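# Per-entry structural report
Residues per chain are reported as follows:
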Amino acid sequence: SQTIHQWPATLVQPVGSPLSLECTVEGTSNPNLYWYRQAAGRGLQLLFYSVGIGQISSEVPQNLSASRPQDRQFILSSKKLLLSDSGFYLCAWNRVSGANVLTFGAGSRLTVL
Amino acid sequence: KNQVEQSPQSLIILEGKNCTLQCNYTVSPFSNLRWYKQDTGRGPVSLTIMTFSENTKSNGRYTATLDADTKQSSLHITASQLSDSASYICVVRDSGGYQKVTFGIGTKLQVIP
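Residues numbered from 1 in each chain as written. Chains lettered and ligands numbered in written order. Predicted model: local features only at pLDDT ≥ 70, side-chain atom pairs only at ≥ 80, totals over all residues. Heavy atoms only, no water.

Below, the discussion takes up the nonpolar core. Core analysis: the biggest nonpolar cluster contains 24 residues, and Tyr25, Leu33, Trp35, Leu75, Tyr88 and Val92 of chain B have the highest contact counts within it. Elements with a minimum of two residues in this core: strand E3 (19-25), strand E4 (30-38), strand E5 (45-51), strand E7 (62-67), strand E8 (72-77), strand E9 (86-94) and strand E11 (107-112) of chain B. Excluding its chain neighbours within four sequence positions, the residues that come into contact with Val92 of chain B are Val4, Tyr25, Val27, Phe30, Asn32, Leu33, Lys100, Val101 and Thr102 of chain B. Of all hydrophobic cores here, the second largest spans 20 residues; its members include Ile4, Leu19, Trp93 and Leu110 of chain A. (Core = buried A, V, L, I, M, F, W, Y, C linked by side-chain atoms within 4.5 Å. Buried < 20%, exposed > 50% of the residue type's maximum accessible area, 1.4 Å probe, protein only. Helix = DSSP H or I, 4+ residues; strand = E, 2+ residues; numbered from the N terminus. Contact = heavy atoms within 4.5 Å.)

Turning next to the sheet that holds strand E3 (residues 19-26) of chain A. Residue and element names in this part refer to chain A. The four strands lie next to each other as E1-E3-E8-E7, forming an open sheet whose pairing is antiparallel. Since the sheet does not close on itself, it has two edges, and those belong to strand E1 (3-7) and strand E7 (65-70), each with one partner. On average, each strand axis in the sheet is tilted by 20° relative to the strand beside it, whichever way the strands run. (Pairing = 2+ DSSP bridges. Axes fitted to C-alpha atoms, helices over the stretch in contact; angles between N-to-C directions.)

Every other side chain in a regular strand lies on the same face of the sheet, so the side chains alternate between the two faces. All names here are of chain B. Burial along E11 is one-sided: Thr107, Leu109 and Val111 are buried, while Lys108, Gln110 and Ile112, pointing the other way, are not. As defined by bridge partners, strand E2 (residues 10-14) adjoins E11 across five bridges and the pair is classed as parallel. In the strand pairing of E11, Leu14 is matched with Ile112. By the bridge criterion, three bridges tie E9 to E11 in an arrangement that is antiparallel. Bridging from a neighbouring strand, Tyr88 pairs with Thr107 of E11.

To continue, consider the sheet that holds E3 of chain B. All names here are of chain B. The five strands lie next to each other as E1-E3-E8-E7-E6, forming an open sheet whose pairing is antiparallel. Looking at strand neighbours, the two that pair on one side only are strand E1 (4-7) and strand E6 (56-59), the edges of this open sheet. This sheet shows a mean twist of 15° between the axes of neighbouring strands, independent of strand direction. Note that E3 and E8 share six bridges and pair antiparallel. Each residue of the ladder has a partner; that of Cys19, found in E8, is Ile77.

Below, the discussion takes up the state of the cysteines. Counting across every chain of the model gives two disulfides over all chains. Between Cys23 of chain A and Cys91 of chain A runs a disulfide, and the two sulfur atoms are separated by 1.9 Å. Across the disulfide from Cys23 of chain A to Cys91 of chain A, rotation about the S-S bond amounts to roughly -75°, and the bridge is consequently left-handed. On the criterion of sequence distance, the pair formed by Cys23 of chain A in strand E3 and Cys91 of chain A in strand E9 (residues 87-94) is long-range, its members being 68 residues apart. Overall, the relative accessible area of 1% leaves Cys23 of chain A in the buried class. Two residues, Cys23 of chain B and Cys90 of chain B, share a disulfide whose sulfurs are 2.0 Å apart. (Disulfide = S-S within 2.5 Å.)

What follows covers the side chain of Arg37 of chain A. Note that Arg37 of chain A resides in strand E4 (residues 32-38). Not counting residues within four places of it along the chain, the set of residues in contact with Arg37 of chain A comprises Gly43, Leu44, Gln45, Leu47, Gln62, Leu64, Ser84, Asp85, Phe88 and Tyr89 of chain A.

Let's shift gears to the environment of Leu102 of chain A. With respect to the helices and strands, Leu102 of chain A occurs in the loop between E9 and strand E10 (103-104). Measuring from C-alpha to C-alpha, the distance between Leu102 of chain A and Ala92 of chain A comes to 6.1 Å, with ten residues separating the pair along the chain. With near-sequence residues (within four places) excluded, Leu102 of chain A lies in contact with Tyr34, Tyr36, Ala92, Trp93 and Asn94 of chain A together with Tyr36, Arg93, Val101 and Phe103 of chain B.

Below, the structure written as structure tokens:
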């Protein structure tokens, strides 16, 4: 069976510090990978998606970047965090074919102080 | 612009009672609609998927309906339990080239004893 792991679960960082959130998927190959942000009172906002190694598409201009160094690894990064980067970050995966159900990780709660 | 609107934003019901959550969408061309359940601090989990030709689909005490003509969906929860307390998110996928999904903000349901 497929599983998705996301860490860390909780992170408190000062403004200006770097960020690295990691997501890995097991039990499948060549998944589509996604990073979403969920702000309080708002729907999930797609930040990045990737259809293959080294292929990253950005949905919104922002202070964050993503990388996919391996087939089942997706990393969300920032060189200098802003207060507005605080939020709940969710990694997800799906297959291109079939019902396309998104399977989400447990999420990472980021607080920038 | 694709949009998904959910109502009510929040709902409090007594344990054992039924409730219905609404979702209206303007996603086009339509591919499918999913209802997700998101427990606090966790990633969303898929409950049901509805395609264009499906009107009703049940998953235990959850019953989803879809009216593709009026572009409305509902999620009915029967005999609510305390564990039903969560946010319920309506997600609509289009059938375009990248098959993008649009998320509703969600309805926050609280079941009280």
